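So the chains spell out like this:
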Amino acid sequence: MRSLIDILDLTTEEINDLVAVASDIIQNPAAYAHKCDGKILATLFFEPSTRTRLSFESAMLSLGGQTLGFSEASSSSASKGESVADTVRTVSCYSDIIAMRHPKEGAPLVAAMHATVPVINAGDGGHNHPTQTLTDLLTIHHEKGRFNGLTVGLCGDLKFGRTVHSLINALSRYEDIRIVLISPEELKLPSYVKKDVLQKNNIPYLQTTDLEAVMPELDILYMTRVQRERFFNEEDYLRLKDSYILTPEKLANAKADLSILHPLPRVNEISVAVDQDPRAAYFRQARYGRFIRMALIMKLLGIQ
Ligand code: NCD
């Protein structure tokens, strides 16, 4: 039985396969409409979500399966003091696969140790978000046609942004990748990610606070929200929240084939005026989330 806790739980070949299956699903959805007949996905969301939870549910429904779950901790027995281990032991009796989001780093790993069905990490605190990364990779595949030879700018809250940590891990396996880290001093990429991923794999990277200065070099610009819920005090959040606001003017020197990604939700960091720009890929990206999750659910359930 396989779970997905960290993006590197999957080999490069497996990721390429998931991308290929997801692309085939987009072309031939009817061929997949009964792949998961009779199967149940449980979504255990101890933190807010729109895209991740609903795309998981949409994915399972599109495969012919069914879903159950909760979307806030307060409506589960966690509010009575039940442990994650006991919750997933129980939910394993009611479902065939579990997607879990939790504010504590490592909670989905603990869940996987106690569940008797596959567990998918749908985001754990400021740590990882592997299925967002699969979504990002499917988007990059469709927008750029390759994973190699890309200069990828990651901008915003690189400290608490779990999507950034998982994406850097995934990109570190490809050839000729350059990473440009754009953030305020206080929200820089954690040193463990820099050391264990970028330096260990000899990935060239640059750290800067100046988005416009690096804009002309980028093939991909991955914008992120300042993660309010991870801050220790509101003043720091208020001071940092508008550090970067992408506007059409700031894109003046960008490449004509730049792809602008954002895991969403957007707060202020991309002006709505950018939405009309054909390089704005973030709503296409949200759509891809459904298909890659269909491919992932099939894979973890052992369905061809
Ligand atoms: C992200 C998350 O939850 O980490 N959202 C998502 O899953 N698409 C990004 C965020 O909340 O800023």
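Up top is the structure these notes are about.
Report follows, based on the coordinates. Computed from a predicted structure; not experimentally measured.

Another point: the pairing of strand S6 (residues 178-182). Burial analysis of S6 places 4 of its 5 residues in the buried class, the great majority of the element. Across 5 bridges, strand S5 (residues 151-155) lies against S6 in parallel orientation. By the bridge assignment, Thr-151 is partnered in S6 with Arg-178. Note on the crossover from S5 through helix H6 (residues 162-171) to S6: the handedness is right-handed. Relative to strand S7 (residues 205-208), S6 runs parallel, the two being bridged by 4 bridges. Directly across from Ile-182, in S7, lies its bridge partner Thr-208. In this fold, the crossover linking S6 to S7 by way of helix H7 (residues 191-199) has right-handed handedness.

With the rule as written, the count across this model stands at 5 aromatic pairs. Ring centres 5.5 Å apart and planes at 55° place the aromatic pair Phe-160 and Phe-231 in the tilted group. One end of the pair, Phe-160, is in the loop between S5 and H6; the other, Phe-231, is in the loop between strand S8 (220-223) and helix H9 (234-240), with 71 residues separating them in the sequence. Phe-231 matches Phe-160 in its accessibility class, with the two residues each being buried. A cation sits over an aromatic face here: Arg-293 above Phe-56, 5.0 Å from the ring centre.

Here we come to the site of the ligand. Every residue close to the ligand is listed here: Thr-52, Arg-101, His-129, Gln-132, Arg-162, Thr-163, Arg-225, Gln-227, Pro-263, Leu-264 and Pro-265. One of the side-chain nitrogen or oxygen atoms of Gln-132 is found 3.1 Å away from a nitrogen atom of the ligand. One of the backbone N or O atoms of Leu-264 is found 2.9 Å from a nitrogen atom in the ligand. Burial of the ligand by the protein amounts to 94% of the accessible area it has alone, namely 310 Å².

To continue, consider H6. Each turn of an α-helix holds 3.6 residues, which means side chains three or four residues apart point in the same direction. For H6, a buried count of 10 out of 10 residues is recorded, marking the element as mostly surrounded by other parts of the structure. Every buried residue of H6 is accounted for by Arg-162, Thr-163, Val-164, His-165, Ser-166, Leu-167, Ile-168, Asn-169, Ala-170 and Leu-171.

What counts, and where the lines are drawn
- Every chain's residues receive numbers from 1 upward, in the order its sequence appears when written.
- With pLDDT at 70 or above as the cut-off, local features in this predicted model cover only qualifying residues; side-chain atom pairs require 80 or more to be listed or tallied, and sums for whole chains, interfaces and linings still use all residues.
- Side-chain measures were taken over the full set of non-hydrogen atoms in the model, leaving aside hydrogen atoms and water.
- Summary of the burial criterion: residues with accessible area below 20% of their type's maximum are buried, those above 50% are exposed, and those between are partly exposed, where the area comes from a 1.4 Å probe applied to protein chains only.
- Per the convention used, a helix needs a DSSP run of H or I reaching at least four residues, while a strand needs a run of E reaching at least two, with both numbered from the N terminus.
- A pair of strands is considered paired only if DSSP assigns at least 2 bridges between the two.
- Call a crossover right-handed when, viewed with both strands pointing away from you, the route from the first strand across the helix to the second goes clockwise.
- Here a pair means two rings of Phe, Tyr or Trp (six-membered ring of Trp) with centres within 6.5 Å. Their orientation is stacked below 30 degrees between planes, edge-to-face above 60, and tilted elsewhere.
- To sit over a ring, a charge needs its Lys NZ or Arg CZ within 6 Å of the ring centre and within 35 degrees of the ring normal.
- Nearness is defined per residue: one heavy atom within 4 Å of the molecule or strand is enough.
- N or O atoms within 3.5 Å of each other form a polar contact, as long as, within protein, one can give a hydrogen and the other can take it, and as long as residues adjacent in sequence are counted only when both atoms are side-chain atoms.
- Every accessible area reported is derived by Shrake-Rupley at a probe size of 1.4 Å, with residue values counting cover from the shown protein chains alone.

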